[in-house]
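Summary of structural features
Residues per chain are reported as follows:
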Amino acid sequence: MCFGGGGGGGGGGGGGDNGAAERAAAESRAREAARQAAIQQGVSSVNSTFEQFNDPYYSKIKQSYLDYATPQIDQQYDQAKNDLSLALGRQGILDSSMGAKKLADLERQNSLQREGILSTGNQYVNNARNSVENARSDLISQVNASADPAQAQAGAVLRAQSLSPLPNFSPLGVLFQNAASGLGAYVNGATGSTQPYALNSLQPTTAPLDPSKTNNAQRVIN
């Protein structure tokens, strides 16, 4: 009888152990559920803060770059066309086939340069998208590790503030070079002369230039 009573007591102790384990498991599940809820709240805060980086934001970056670069192309093209027209006029070939070719070449360069700034504008947009998405991903990784939505919100606000300004645009370099190259050779061929012509005159120079001389400025026969 005593042995039987002892066995019953042992069974009661096992039931108590099972109850404690179940309570611990339930508490663990509750903590994890709370953690996941906190993470979700933090992720929502990050995404909400980053909603400002939308299509209009990226369109503004591209348009801002075009507004910055286009006047520079306009100015350089107008100057290059004016210089080329003057050079062709001085050579007396403004209305020649060479003149038409040179002006057409300059116009093609102008079109290519304008396509180039569109490409550069798109690159600025892509860079901005990458910066935004990298920041978003970093913040979400942080909140997944910390499960701290308040920290996530504060971090998102700071990162968004640093990303909001427009990027610093680089100025354009010299776009139209050597527009008048080849004019002297064309004039020599057209006149049958073997003497080099001064760039600003149809009259031949007195002699070929000697690159070993320091005072080898072209002298034009009057």
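Conventions and cut-offs
Residues numbered from 1 in each chain as written. Predicted model: local features only at pLDDT ≥ 70, side-chain atom pairs only at ≥ 80, totals over all residues. Heavy atoms only, no water. Helix = DSSP H or I, 4+ residues; strand = E, 2+ residues; numbered from the N terminus. Contact = heavy atoms within 4.5 Å. Buried < 20%, exposed > 50% of the residue type's maximum accessible area, 1.4 Å probe, protein only. Salt bridge = Lys/Arg side-chain N within 4 Å of Asp/Glu carboxyl O. Axes fitted to C-alpha atoms, helices over the stretch in contact; angles between N-to-C directions. Parallel < 35°, antiparallel > 145°, perpendicular 65-115°, else oblique. Left-handed = near helix turned anticlockwise from the far one by under 90°. Nonpolar A, V, L, I, M, F, W, Y, C, P; charged D, E, K, R; others polar.

A word on the environment of Tyr 68
- Along the polypeptide, Tyr 68 turns up in helix α2 (residues 55-91).
- Setting aside anything within four residues of it in sequence, one finds Tyr 68 in contact with Phe 169, Ser 170 and Pro 171.

Thoughts on unusual backbone geometry
- One non-glycine residue, Ala 147, lies in positive phi territory at about 55°.
- Here Ala 147 lies in the loop between α3 (97-146) and α4 (149-163).

Quick look at the environment of Ser 170
- Inspection of the secondary structure puts Ser 170 in the loop between α4 and α5 (183-191).
- With residues near it in sequence (within four places) discarded, Ser 170 still touches Tyr 68 and Tyr 124.

Concerning the environment of Asn 110
- Relative to the elements of secondary structure, Asn 110 occurs in helix α3.
- Judged by relative accessible area, Asn 110 falls into the buried class, the value being 5%.
- Considering only alpha carbons, one finds Asn 110 and Tyr 77, 33 residues apart in sequence, at a separation of 6.7 Å.

Topic: the pattern of salt bridges
- If you walk through the whole model with that rule in mind, you get seven salt bridges.
- Note that Arg 136 and Glu 133 form a salt bridge whose closest N and O atoms lie 3.2 Å from each other. Taken as a pair, Arg 136 and Glu 133 lie in helix α3 at a separation of three residues, close to a single helical turn.
- Arg 136 sits in the buried class, given a relative accessible area of 18%.

Quick word on the packing of α2 against α3
- Relative orientation of the contacting elements α2 and α3 amounts to 160°, with a least axis distance of 9 Å. One element, α2, and the other, α3, form an angle in the roughly antiparallel class. Once α2 is placed against α3, the crossing between them reads as right-handed.
- For the contact of α2 with α3, a count of residues per class yields 18 nonpolar, eight polar and eight charged.

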